Structure formats: C-alpha cells, structure tokens
Amino acid sequence: MKLAVEIADASDLPPKDNAATCNAFVEVDFDGQKQRTATRPADRSPQWNETLLLDVRDDPDPGRFPSIPAVEVSVLHDRRLSDHNAVRPSVFLGRVRLTGDSVAPSPDEAVVQRYPLEKRGLFSRVSGDIALRLYLLDERGGRDRADDAAAAAANSSSAAPTRMNNVDQDQRRAEPAAASMDPERVVRNAFAAAPSEAAAESMGKSNHEPRVFRSVPAASSEPRRATLHAMAAPPPPPGQTVVMPRPIGPAPAQPPGSAYGLVETRPPLPAKMGPRSSAAKISSTYDMVEPMTYLYVTVVKARDLPTMDITGSLDPYVEVKLGNFKGVTRHLEKNSNPVWHQTFAFSGAHLQSSQLEVIVKDKDVLRDDFVGRVVFDMSDIPSRLPPDSPLAPQWYRLADAHGNKMQHGGHHGYGEIMLAVWLGTQADEAFPEAWHSDAHSLSQEGLTNTRSKVYYSPKLIYLKVSVIAAQDLIPAEKGRPLAATIAKIQMGNQIRRTRPQGGTANPVWSEEFMFVASEPFEDPLVVTVEEKVAAGRDEPIGRLIIPVNSPYVPRNDLAKSVPSKWFSLSRGMTMEEAAADVTSSIKNRESSKTFASKIHLKMSLETAYHVLDESTHYSSDLQPAAKKLRKSAIGILEVGILSARGLGGNKNPYCVAKYGSKWVRTRTLLATAEPQWNEQYTWEVFDLSTVITVAVFDNANLYHGHGHDPSKDQRIGKVRVRLATLETDRVYTHYYPLMALTPSGLKKTGELHLAVRFTCTAWANMLAQYGRPLLPKMHYTNPISVLQLDYLRFQAMQMVATRLGRAEPPLRREVVEYMLDVDSHMFSLRRSKANFYRITSLFSGAVAVGKWFDGICKWKNPLTTILVHVLFLILVCYPELILPTVFLYLFMIGVWNYRRRPRKPPHMDTVLSHAELAHPDELDEEFDTFPTSKPSDVVRMRYDRLRSVAGRVQTVVGDLAMQGERAQSLLSWRDPRATAIFITLSLVVAIVLYVTPFQVVAVVAGLYLLRHPRFRSKQPSLPFNFYKRLPAKGDMLL
C-alpha cells in the first residue's frame, strides 16, 4: 500500500530574510520517511501540484489506519537561494499534522482541502494555509493509473507526442541517464535513522528494489500543470540524492530583481589578510586594493648630445621600449641639452621582455636618426614602495647600437641622459601623471583625458539681496509720466525680478531674493531699475554694478542682521565707478551728475547655510559654508575601486566617485570590457547620514587630435552607498550591479567591484550627531522655501558643472549632471508608483497589527486570546507597567532582529524602483524632454491617462475629507438631531466616568472589545452606524 500526499498550493505565506517574498518548499514526514517538493523561489502563494507517495509499511486496512503515526506536512523557506553562506539552510513557515481520519481510502473519494498552517512553538510566526489531498493507493493500481495517465497525456498532446512518450518511459524505467540531463529541481530523501534489522527482515527483498518515479493523475477535472511526481520505495541509504529531469515546457521565469543583486567577493586585499595598527588606520596605506606591479621610467633630461644633421642642429626625443610596448617623449627643436621630465609606466602584465631600452633619436622629415641608447637588464632594476623617498635620477652615458660609448676616433661620446628606473605599484606618487603603456599611442590631448585626477567642487555661498525701495526715479523718456517699475537683479546667468510698482517715483518693493555665488567671485551683481513701457518692452532707467566680495558685500557668519544701504543709480556707471561709490561714502557724489535716483538694498553672503547641490535624499555633504562653523571629522572613508566585469564590447571605461566636495576620477583603460583599476581614495567623514556615489563612464574623447568631433561620455551605471549602513572597521567587498534605464527598458550593463571601509576616529562625536539637526541651524531658524530651494539647487548644479568642466582633464557636464541627478525632480509615472508602494509598505505593519488584533477579538487562536486577556488585566491593575512593557517589547524585538540584520550594504533595488516591470510608454514619457517633443496624439493619450490617475486620487482625497467633515459635524449642529444625541451621550458618559473608577471602565471596555464571537453580531456596530449617518460637505460641491 502507498500513501499519496497531493500538494496543490499554499497562500499568504509570511515573508522571510528581510524580503517581501519567501522561497517555499514542502516536506512530508510519515513513519520515518521524509520527502520534499521543489522550491518555488520568490513566491508567497506558490503552486506545486506534486504528489509524493510513501510506503504504508504494515499494509493496514482502512479501519485500522488511525493507529498509524500521523502525517506531518511542513512548509519551509529555502535560505540557500538568497544566502549561500546561511548557517540554517531552511526556516520554518508552518505545518499541518493530519491523522488517519483525513486520509481517503481511494483516490475517487479524496477531495482537496485547505488547512491553516500551525505553529511549531510559542514564538513561531505563522500565517497562511495549504491545500492538500490524501488518499491510499494500491501499489499495482497506482502503477496502472500512472501508466494510463501518461498514455492519455501523450495521446492528447499533438505538439510533441514523441517527447512525452520519452519522458513517460524515463519515468517508468528510472534510467540513470536522467541524472545527466539539465535538472530543474532535486528531490532529497533524508532519513532520521536506517531501518532496524527486524524491519528489514519483515520487508524481505523490497529493501533492494530500485527507486521508481511515477506520474499520478489528479482526480479533479480542472487543468493542472504537467509535473513529475515521486513514488517512494523502501528508503535508500541515508543521504542519497535523486535528480529529476526537466519537464517539457518553458523554463520558469526568474523572480524580479534576482539578476541585480550584490555578489560578495573575497579578493586578496591586504586589509582582509591581517590586522592593522591604529596609526595605519589613519593614513592611506593602499591596503584596500590588490597590488599591481608597474615599471616606471622617468626621462629627466640629456646633455652634450651630438649633432646629426648637416646644418648642425638636433631635434631630440626619447623612445622608451619594452618588448612590443614603447613610449615616446615630445621632440624639442634645435636643442642639444633638452629637458623633458616625463614618466612612463609599463604594467606588470606587459613585462615580458628581459631588457629595457631607452633610445635617443633625432626628429627628421624622412627618417629619424639614431643618436644613442641605454639598455637595462630587468633583473637589475630596483624596487621601491612608499613611503620611501623618490628614487634619485642618474646620468647614463649613451652608446651606439653595438654598445660603444665613444664615437669613431675616440674623442667625443654620444652624450648623457638622466634617468630614473624602478619597479613600483599604483601607490607610487608618479602613477597619476605617468604615461601608461596601454595609452602611449594616443595624442597629448587624448592622453591627458586618460589620467586619474582629484577635483574639488567650488565653494558655494548663498547671496541674499533685499530690494527695499527706490527714490526719485525719472522716466526713460522725458515728457511722459512714469510707468510701472521693476527691479531686475542679475548675477551671471541668475536673473530675478520684483513685482511691478506703478504710478510713483518712489516705489516700495520689500522683496528678498537668494542667489548662488562661488569663490572666487567672478560675476558682479547688477541691479537694474526698469520701466514697463509696453507689453514685452522694458526700458532701463538706472543701473548699479556691485562686486560680490568684501567690503562691498559683507559676510554673515553668525546669522545677524545686516544694515541696509542707499546706492546711487546711473545710466552709464561702470563697475569701477560703482565700487568707488560704495567705498568712498561721499554723500555729495551725486551732485556732480544730473541723474540723482537711488535704490535701497540690503546684501549679505549667508555663509551659515549649506548650499545644496545634490538631492537632499542622498546628499554627501551637510556642512555650512563658513569654515569656522564646521564640525571636526568623525572618521575616514576609504574606497578601493578594484575592477569591473561584463561591460560588453570594447569600451574605454573610467570611474568617477564623489563624496562631499571631493571628486576623484580613475584613469581610463582602453578597449576592454574587464577593466582592472585597483585605485584607492580616502575622504574625511563629517556626518554618517551621507551617501557616496560611484559611477562608470565610457570615455568618448580620446581621439580629438585625429579629427574626431567631441562627443559625450556614455553612462554605464551608478552605485550609491550610505555610510550609516556600514559597520565600523569592516571591509565590504562586493560586485555592485550597474544598470541603465532606457526608453526600451532596464538593462544590466555590468558589475563594479568595490572595497569600502569606514573607520571611526571620534566615537563620542559620532554618537552625539544622532541628536543634532541634519542641516546647519540657519536652515531651521530662517528656512528657505521649497520652491526657492529647488531653484537654488539647480543653479548650484550648473555652477559646479561649469567649474569642473574648466579643469584639465575636464569633468564633462554630462558626467557631473549624472552624478548629481539633475533631472531627478522631473515627473515619472514609474517613480510615482514606486513612491506609492513605499507608502503602502509603511502602513503594512499597522495593517498586520490590525489583523492580529482582529484575530484576537475573534478568538481564532484561543490560547493567544487568553494570554492577551491576562496581559490586559495585569496592565489595567498596574498601569505603571504599561510604558516599561512597551519599551521592553521594543528592546526584545531589536535584539531578536539582530541575528537577521543585513549583511550586505544596500544597493539600488529594481523591484522597489518598479524598473523591471515598467511599461515602455511610461519609460518613454520619463525620458521625454521638457517641454515635450512628442506628437500631439501621444501627448493627448498621456494627458488622458494622467487625468484618470488623478481622478482616482481625487476620489480618495474626497473620501478622506468626508470623514473629517463628519467628525466636525458632531458639534456643528448641521444635523440638529445627531448633535443633540451626541452631546447628551457625552454628558452621560462624563457623569459615568466621574463616578466610576478608571480601572473598572478599562476592564469593562477591554472585555467588551475582546468578547467571544458567539456574542458578536455580523452587523456594523452602533457607533459606526451613527458616524456614517453624519452629514458631510460632499453634497455642496458642484
């Protein structure tokens, strides 16, 4: 006899491992036999449709079946799919224990039933249910049914009859060749102990029968998925693994986000191979990257070089040659004692020659002439590691091709050359400026664009300008009345205007504006008073030019009030005259001019603010602009940019990292999809609530010298790491996924290998920061409006991009804008959905508590309800225990969650961002220009879609407003009868609560709320009905 356990599906399983899903499988335990189903990854409502057959060893009749041990069906979470290093391979999700009464004597009498999952212990968290069907099956009848079902399936399938027959034959014979096929799942049979000798004797030869797999037909008439089912023969030796062949049909789709996870690595970094001293933690020791060997050759200068031309001139240059790789210096015209000061670096992968040649040549029109050379044996080249001092260059005598150091005649040599040759690593100070062997073929301009550099953002300060009033304004044209006047304030590309004031020569504006200024202050402040003569026509009637530096504009470091000043306006005043007018303080200066209008201004450089040039959600700097207001550093952030993989095609990749005002750029590696940078950078950390951004770009500006037009560097991907999520002194080494969101969808563009470590140097200051405001105090005492802050942030981004684009090599505008997320404020339906589901997930905890409390009130679990009653009575009798109990419960939850804390730093989540499942039209709308460049029919369709979404939002907002208006109408007498009932009940309740002790009221109310379902009605409660009948203002809307 066989016991058939048919497992259909499960629903509403609890999420595990800090994820929104679980990897569920079912394990059946019956009479010492254990079998399991396949794992369904990332599915809280999985479907198996599998049948497991187990031996009924004593072959009882149905009447004696209840004496057989119970069948235990457990639902488990497979942790190995999400964490290969998990200590426990599975986590308990729930179980069902069934006795023999639940087993049907035959398949015809069995029906599918749903069983709620039960707890295994007091502290188990269980939810959901499982659908099962149990029945007895004769072994011969079971095989006949399996054969009939397989034959019927083969006859009904017209697409692939041969393939189905082959699968049926493989199942019937259980050939070993099935194990060599590509498996979809593995069925493991683990037994607690081997059968006893007595049991083996009673079973006879059945212990040696081979294990057979059959397809058992379902009794239900509903269509079911074709799956492979297992029939359990007597148990094989413990630990035996049986591999199931892949069923016919498409492969199961990967769960969303599975291809975009972090991959932990263990590279041979010095930081992970041994302890470091406390002093070494402060200094940059290059222990976060793999050491890479380089051969450095510094060509300093030469002297006494012989002339090679008939004219007696020499145009020397040096060629450094190592095997097939060579580097060439610039040639200097007519110079026998040239000076180059150039360093060449040959990668350790290119050190394939036993000799290094340094050849001096004379540049000629037809053919360059050989002057002399120096040959070095690679085995004799010394090694150098920082912090050793730089290697001193030496003079070497040049020799001809045969090694002779004297010319024919023996009176003159070939000259001398000063060189420094050594073996080092990427930690050498010559590494950033060296000409690398993989880029020697580039031009000077292209080579400059490949070097690694460090940049600093300009110091940004808010400039506050208050335009108060003007006096004695004169029209631009004589003989007509003065029209409406405005004040226009301009600094660089930033222009702001006041509201027009008309009909008076002494207008009063009293408006305040903010500008972004950067040191050194290059653009002056230009204030122009204009007259609105006609629509679209403004005539200037006075101008003032003020330099934005001290003493013209004072600095306000302490948020004090700055005095205002009157300034003279002039139609032709230059900047020097305006500056002289500000500083001279000569009251009668305007008497020498016929134009005597004045303007009242108050200006100050507000250095107590922090100028936001990034999104506030992932900013990397929160310090005020004034240096004396900044706090001391609390630690050091070290980032090793190791490598990348899977970039696709031959690219010229380089990395850019930004934290605070410091930007770093790695060198560009040419024509590779697997770059190896191994460069380490260090930042001072002033606040843990900051984010470092690392992005990868494809350099498209290496061949400008060959006639190519300038083009934009292509984005490959970006990574953000929040410092608050990092443990102190731990080295994180992971492959971070690089993703590109395009109008065609989400694309994985590669993986970036990073090593990150945060080292704390001031524990007390770090812990004290959690009680301080995030931004400087000025942002809270004198806040800037949200709209104005967005405008200033955009201007700051443009200013940073312009200033960094003037560096050499430049950080191009597209790179800076991508790092700073310039377009993050634009509308995106995808982002709107993501934010909506983020808000929904916030309330999921409250919803779960509400469901739990509803289950308590309905006595779904009597034991838990009784315990809640006891706890409630204790807290009512001893109210002083309420707060300690709450905080102790929070403490216990935190301690319990510690073992499940995240082991990896967070990264960009494609599921949370709704990037994988976004509709192509939504992505096309997200990447549209502003204003739109799409045809009118597409814009009309998107507008209608936005109207439908806004209509649903409008309905929800209206419902919320209606509930609030009903609460207001309780005492507003809009419904006089309802208000009379409410105030009467309020009086009665006040009297009852006054004469009744609070504990009695709390006990009665709590017991009534937790009453048994037998005493509950399915109709809505009386207070609910009363509240629903209150009037609202919905009927007053048009």
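Anything mentioned here points back to the structure above.
What counts and what doesn't
Residues numbered from 1 in each chain as written. Predicted model: local features only at pLDDT ≥ 70, side-chain atom pairs only at ≥ 80, totals over all residues. Heavy atoms only, no water. Phe/Tyr/Trp six-rings, centres within 6.5 Å; stacked < 30°, edge-to-face > 60°. Buried < 20%, exposed > 50% of the residue type's maximum accessible area, 1.4 Å probe, protein only. Helix = DSSP H or I, 4+ residues; strand = E, 2+ residues; numbered from the N terminus. Pairing = 2+ DSSP bridges. Axes fitted to C-alpha atoms, helices over the stretch in contact; angles between N-to-C directions. Patch = residues over 30% accessible without salt bridge, like charges linked within 9 Å, V, L, I, M, F, W, Y side chains within 5 Å. Areas by Shrake-Rupley, 256 points an atom, 1.4 Å probe, with all protein chains shown as cover. Salt bridge = Lys/Arg side-chain N within 4 Å of Asp/Glu carboxyl O. Core = buried A, V, L, I, M, F, W, Y, C linked by side-chain atoms within 4.5 Å. Contact = heavy atoms within 4.5 Å. Parallel < 35°, antiparallel > 145°, perpendicular 65-115°, else oblique. Left-handed = near helix turned anticlockwise from the far one by under 90°. Nonpolar A, V, L, I, M, F, W, Y, C, P; charged D, E, K, R; others polar.

## Brief notes about the packing of aromatic side chains
1) Next: Applying the stated criterion across every chain yields a total of nine aromatic pairs.
2) Next: Judged by centre distance (6.2 Å) and plane angle (40°), the rings of Tyr 294 and Tyr 296 are tilted. Taken as a pair, Tyr 294 and Tyr 296 share a single burial class, namely buried.
3) Next: Between Tyr 462 and Tyr 609 the ring centres are 5.8 Å apart and the planes differ by 70°, which places this aromatic pair in the edge-to-face class. On the criterion of sequence distance, the pair formed by Tyr 462 in strand β23 (residues 460-471) and Tyr 609 in the loop between β30 (598-606) and β31 (635-645) is long-range, its members being 147 residues apart.

## A word on the sheet that holds strand β32 (residues 653-659)
1) Next: As summarised here, the arrangement of the five strands in space is β22-β33-β32-β35-β36, forming an open sheet in which the pairing is antiparallel. Of all strands in the sheet, those bounded by a partner on one side alone are β22 (453-456) and β36 (714-722). Averaged over all pairs of adjacent strands, the angle between strand axes in this sheet comes to 20°, irrespective of strand direction.
2) Next: When β22 meets strand β33 (residues 662-665), the two strands line up antiparallel, connected through four bridges. Each residue of the ladder has a partner; that of Val 454, found in β33, is Val 664.

## Description of a nonpolar patch on the surface
1) Next: On the surface, a cluster of nonpolar side chains totalling about 700 Å² of accessible area is made up of Ile 882, Leu 883, Val 886, Phe 887, Tyr 889, Leu 890 and Ile 893.
2) Next: With respect to the element layout, Leu 890 can be found in helix α13 (residues 882-898).

## Quick notes on the pattern of salt bridges
1) Next: Throughout the structure, instances matching the rule amount to 47 salt bridges.
2) Next: In this structure, Glu 319 engages Lys 361 in a salt bridge whose closest nitrogen and oxygen atoms are separated by 3.7 Å. Note that Glu 319 is positioned in strand β14 (residues 316-322) and Lys 361 in strand β17 (residues 355-362), a separation of 42 residues in sequence.
3) Next: In this structure, Arg 645 and Glu 751 form a salt bridge, with 2.5 Å as the shortest nitrogen-oxygen distance. Of the two residues, Arg 645 is situated in strand β31 and Glu 751 in strand β38 (residues 745-760); the sequence distance between them amounts to 106 residues.
4) Next: The class of Glu 751 is buried, set by a relative accessible area of 9%.
5) Next: Linked by salt bridges that have partners in common, Asp 921, Asp 924, Glu 925, Asp 928, Lys 934, Arg 942 and Arg 945 make up one network.

## Focus on the pairing of strand β4 (residues 47-55)
1) Next: Along β4, eight of the nine residues are buried, which leaves the element largely enclosed by surrounding structure.
2) Next: When strand β1 (residues 2-11) meets β4, the two strands line up antiparallel, connected through seven bridges. Its bridge partner lying in β4, Val 5 is registered against Leu 52.

## Quick notes on the sheet that holds β30
1) Next: Strand order in the open sheet made by the four strands is β26-β23-β30-β29, with antiparallel pairing throughout. Every interior strand has two partners, whereas the edge strands, β26 (508-518) and β29 (565-568), have only one. Sheet twist, expressed as the mean angle between neighbouring strand axes with direction ignored, is 35°.
2) Next: Two elements, β23 and β26, share nine bridges in a ladder whose sense is antiparallel.

## A short note on the nonpolar core
1) Next: Counting residues in each nonpolar core, the largest one holds 35 residues, and the members touching the most others are Leu 637, Trp 677, Trp 683, Ile 692, Leu 752 and Leu 754.
2) Next: Put simply, the parts of the chain that give this core at least two residues each are β31, β32, β34 (676-685), β35 (691-698), β36, β37 (732-742) and β38.
3) Next: No other element matches the five residues that β38 contributes to this core.
4) Next: Other than its neighbours up to four places away in sequence, Leu 754 contacts Gly 640, Ile 641, Leu 642, Val 694, Val 719, Tyr 732, Thr 733, His 734 and Tyr 736.
5) Next: In terms of nonpolar packing, the next biggest core, distinct from the first, is built from 33 residues, Val 297, Leu 332, Val 371 and Tyr 414 among them.

## Points about the pairing of strand β3 (residues 33-36)
1) Next: The pairing of strand β2 (residues 24-30) with β3 spans four bridges and is classified as antiparallel. For Val 28, the partnering residue across the bridge sits in β3 and is Gln 35.
2) Next: Hairpin connection of β2 to β3: two residues between the antiparallel strands, including Asp 31 at a positive phi of 55°.

## A short note on the environment of Ala 755
1) Next: Mapping Ala 755 onto the fold places it in strand β38.
2) Next: Separated by 488 residues in sequence, Ala 755 and Pro 267 place their C-alpha atoms 9.3 Å apart.
3) Next: What Ala 755 contacts, discounting residues up to four positions off in sequence, is Leu 269, Met 288, Glu 638, Val 639, Gly 640, Leu 642, Tyr 732 and Thr 733.

## Concerning the environment of Ser 615
1) Next: Structurally, the position occupied by Ser 615 is in the loop between β30 and β31.
2) Next: Separated by 207 residues in sequence, Ser 615 and Val 822 have C-alpha atoms that sit 8.4 Å apart.
3) Next: Ser 615 has contacts with Arg 793 and Leu 820, leaving out every residue within four places of it along the chain.

## Details of unusual backbone geometry
1) Next: Cis rather than trans, the peptide bond between Glu 808 and Pro 809 has omega equal to 0°.
2) Next: Turning to its location among the elements, Pro 809 is positioned in the loop between α9 (786-804) and α10 (813-820).
3) Next: With a phi close to 50°, Ala 42 is a non-glycine residue in the positive phi region.
4) Next: As for its position among the elements, Ala 42 is in the loop between β3 and β4.

## Thoughts on the packing of α9 against α10
1) Next: Remark: α9 packs on α10, axes separated minimally by 9 Å, with the N-to-C direction vectors making an angle of 140°. By the criterion of interaxial angle, the relationship of α9 to α10 is oblique. Relative to α10, α9 is oriented so that their crossing is right-handed. Packed against α9, whose contacting residues are Arg 793, Met 797, Gln 798, Val 800, Ala 801, Thr 802 and Leu 804, the element α10 presents Arg 813, Val 816, Glu 817 and Leu 820 at the interface.
2) Next: Counted by class, the contact of α9 with α10 contains six nonpolar, two polar and three charged residues.

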